[in-house]
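Geometric and topological summary
Single-letter residue listing:
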Amino acid sequence: MPKLPSPFPPHFLYFLLTLTPFLVISQPPADQTPADQTQTILLTIKQQWGNPPQLSSWSTSSPPCSWPEITCTGGTVTGLNLTNYNITEPIPPSICDLKNLTLLDLSFNYFPGNFPTVLYNCSNLRYLDLSQNYFVGPIPSDVDRLSSSLRYIDVGANNFSGDIPPAIGQLPELRFLKLYSNQFNGSFPVEIGNLSNLEYLSMPYNPLFTPAKIPPEFGKLKKLTYLWITSANLIGEIPANFSGLSSLEHLDLSYNDLEGPIPKALFQLKNLSVVYLQNNRLSGGIPTPIESLNLSQIDLATNNFSGSIPEDFGKLEKLELLNLFFNQFSGEVPESIGLLPALTNFRVFSNQLNGTLPPEMGLHSNLEAFEVSDNLFTGALPENLCFRKRLTGVVAFSNNLTGEVPESLANCVTVRTIQLYDNNFSGEISAGIYTSFNLLSLMISKNSFTGNLPSELGRNLSRLEISDNKFSGYIPIAVSSWARLVVFKASNNQLSGEIPVRFTNLPQLTTLNLDGNSLTGNFPTTILSWKNLTALNLSRNRLSGPIPVVIGTLPDLLILDLSENQFSGQIPAELGQLRLTILNLSSNQLSGQIPSAFDNLAYDTSFLNNPNLCATAPIPNVRFCSSKTRKSDYLSPKILALILVSAVLLFFFTALLTFFIVRDYRRKKHKRNLAAWKLTSFQRFNFTKANILAGLTENNLIGSGGSGKIYRVTVNNSGDYVAVKKIWTKGKLDNKLEKEFSAEVDILGTIRHSNIVKLLCCISSEDSKLLVYEYMENHSLDKWLHVKKRRETDPARRVVLDWPKRLEIAIGAAQELVTGRDANDGDEHTSLAEWAWRQHGEGNPIIDALDEYINEPLNLEEKSSVFKLGLICTSTLPSSRPSMKEVLQMLRRIGPMEGSEVKKVGTEYDAAPLLASANKYLSSYTHSKKVANEDGDYVV
């Protein structure tokens, strides 16, 4: 792990001088003096650590008190300082055999393992530094077993994890507690607030802490002078009782997630000198009055503060740093801030400040940084920003500043950056600014500056941005002093003349923007040294002549814009060697064919308004080259034939390979699909489930019902068919469809009757059900009744339709038989059942309702009985309808079926009482049935 410098408090030396050894006189063995015993302990420790070469002075030839790592008091070892000795072995228990040890510094080593609890036996220890090592695991919950005299403990920059235990608050003499830069992923205890003698609390750079508020108990630490908890996942507000930290000098709570206002009394703490609260979500205004007159550094940047900058800041004569940037401050900057004698860094950029800047800023202090950009300031820049010759940067872009650049900046040898772009400055730039020795960047675009380009630049100037001004004149020929220039942006000025060849001798230049000027003449045919150039923009000038071939040799060029000039001739093919991401040659006088590298839609806007250009590929607004204008090299006929044959063979081989792969895949998939289906047979048949599944296609679909589709499937080469009903599926079958399927299978699977179509088998999977019936071609009752053939009356379909449909068919079949009408064929507004009831209710002779083919008087009684049977079967009251068993008995009563015998019971037939009841029912029902009169109203 990286080794970080451990911060020591300002009065660290004083603390060491006040350490007083707590002498414990141990009884040495009779044959060894105390000095010899101490030497033996230390040499044993050296051996246990592998005899590191840094401890070569530890030997029997000299007393321990003469060894550089040892501190003695009264001839007794009281201190052991082994910082940065590259020790990699654990701390041995024998180290606490040094009974008078008060100081132990083991920092900047490679000690491994958990927290060294062996140090619990060092009963007189007052100073313990374990920082910058490889310790891991949690700090023990009984850490208070360390010496009760312990005043200083530093475990920073290790890999300790878990919680900081509450027991840490039970070390009553503790003055310094340093827990920075670990892997703590738990919490820190409120018991730290019980350390009444604590002066220094450091817990920064522990971003894995669980989000937690600052405990109000910390406000009880009256002796605390230094509080540092940067980047520790703090949330909530700063406790209001921090006003009780009367000794506090340094407060750093930066880079957390704190919110709310600054406690009102915070800036009234008399000893407070440093306040770092940047990069939180604090809000509100800066509380006043400000009575912390020792404040030297205030950083409130990157928060949500608002309001004005307090006038009281002008009283802080020790103030060196004032950072208020990235907030929402408004109003003017108090002029008194410009009078502060110690101010070196003034950063208020990205706010909503307005008015004029303090005119005496820089005159009374060693001002180094002046950053006021992105505000609403007006007026001029302060004249004396570099009066003390310490200024390193002026950043004032994006304001409404006016006037000229202060002359003091021309003689400012320390300044490194001047950023004044996007203002209303005017006048000329002093030559002294261009040649300032330490100046690295000069950015003054979007103003109204005038004058010529400088013939000389400072040797360190690498960025010069002067776009959108009124600079005029020629590009100077003597530009050798521009050799360090990396970025030169001079767009939208009034520069004229030709581009000198020496201007191409800028070896570090990466970006050159001269667009929007009045440059003329030819572009240099020689480029001396633009080896690092990545962007070249010369658009919107009056350059002419051919595009130099040499541009195609620039190795790093990515952006090339030569549009809106007067370039002529052909586009050099060498440009195709570049890795251009942006190319614009539009609005010139170019001619000929576009190089093949650009002859594609990726460059569809690169060549607009060049009427003499053509392309071999379709590009919008560029004409197509005729065959006469093409300059491509043709291949010989033999080579072309060879290529064609190879392509054809490759195509057929690929197609054949694809065919076999797809066929193999389909076979495997078909086998997998077949395995998922289960076949249950009810009859003997000569087909397989594969025959059935393969035939379930749309071409074989012959009908559908409420819960299924019907297919006619060929099962062999002889042309035999079966009818297959597929139950509708949407995922797994619902309970209703399952019941229908089970009912159909139970009934038809056991019936053996010549007049009922046979159920051959059923085929089922987890989410699909198939019923397979024998198929009877072109046999339909409906056909013989009505002399017409309809799709839904196919016998196979007639049998396998849904059970609700079968009930409707059974009810209306009798009426269809005797009337010769279709079930839906009553009259204009009624069905057959309603028409028949009306005929009966109106008292019309039954013979008038019969089919014209059977209305002769012969067997009229049987015909009338069938007609009446149809009426009672279509009664609107389900409870009044006879059962199917009763219907069968009635039909037998009317006339015996051909080829069958009917058993006589009672006087004649079992059905006689039923027919009598039917006639009585029809008679009573007729008198209560509603009948429509001539006006369309219903009457009884």
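In what follows, the structure referred to is the one given above.
These lines cover the structure that appears in this document, whether it is placed above or below.

The rules we used
- Residues numbered from 1 in each chain as written.
- Predicted model: local features only at pLDDT ≥ 70, side-chain atom pairs only at ≥ 80, totals over all residues.
- Heavy atoms only, no water.
- Helix = DSSP H or I, 4+ residues; strand = E, 2+ residues; numbered from the N terminus.
- Buried < 20%, exposed > 50% of the residue type's maximum accessible area, 1.4 Å probe, protein only.
- Polar contact = N/O pair within 3.5 Å; in protein donor to acceptor, adjacent residues only side chain to side chain.
- Contact = heavy atoms within 4.5 Å.
- Patch = residues over 30% accessible without salt bridge, like charges linked within 9 Å, V, L, I, M, F, W, Y side chains within 5 Å.
- Areas by Shrake-Rupley, 256 points an atom, 1.4 Å probe, with all protein chains shown as cover.
- Salt bridge = Lys/Arg side-chain N within 4 Å of Asp/Glu carboxyl O.
- Pairing = 2+ DSSP bridges.
- Disulfide = S-S within 2.5 Å.

In this section: the side chain of Ser-606. Along the chain, the position of Ser-606 falls in the loop between β43 (589-593) and β44 (612-615). Judged by its relative accessible area of 3%, Ser-606 falls in the buried class. Of the polar contacts made by the side chain of Ser-606, one reaches the backbone oxygen of Leu-583; its length is 2.6 Å. Ignoring anything within four residues of it in the chain, the contact list for Ser-606 reads Leu-583, Asn-584, Leu-585 and Ser-586.

A surface patch of nonpolar side chains, about 430 Å² in accessible area, is lined by Leu-644, Val-648, Phe-651 and Phe-652. Summarising the element assignment, Val-648 is placed in helix α4 (residues 637-675). Its relative accessible area of 36% is what places Val-648 among the partly exposed residues.

What follows deals with the pairing of strand β49 (residues 721-727). Within β49, five of the seven residues are buried, leaving the element largely enclosed by the surrounding structure. In sequence, strand β48 (residues 708-714) turns back onto β49 through a hairpin of six residues, with Gly-719 there showing a positive phi of about 85°. Direction of pairing for β49 relative to strand β51 (residues 769-774): antiparallel, over a ladder of five bridges. Pairing of Val-724 across the sheet is with Val-772, part of β51.

Counted according to the given criterion, the structure contains four disulfides. A disulfide bridge connects Cys-96 with Cys-122, and the sulfur atoms are separated by 1.9 Å. The disulfide joining Cys-96 to Cys-122 has a torsion of about -95° about its S-S bond and is therefore left-handed. In this pair, Cys-96 sits in the loop between β2 (76-81) and β3 (103-105) while Cys-122 sits in the loop between β3 and β4 (127-129), placing the two residues 26 residues apart along the sequence. Note on cysteine connectivity: Cys-614 is disulfide-linked to Cys-625, with sulfurs 1.9 Å apart. Classification of the bridge connecting Cys-614 and Cys-625 rests on its S-S torsion, roughly 95°, and on that basis the disulfide is right-handed. A residue pair is termed long-range when its members are at least 10 positions apart, and Cys-614 in strand β44 and Cys-625 in the loop between β45 (623-624) and α4 qualify at eleven residues. Note on Cys-614: relative accessible area 2%, which makes it buried. Look at the protein and number its bonded cysteines as they come in the sequence; the links are 1-2, 3-4, 5-6, 7-8. Summary of cysteine pairing: Cys-761 is not part of a disulfide, and the nearest cysteine sulfur, belonging to Cys-762, is at 6.9 Å.

By themselves, these observations are geometric and do not establish any function.
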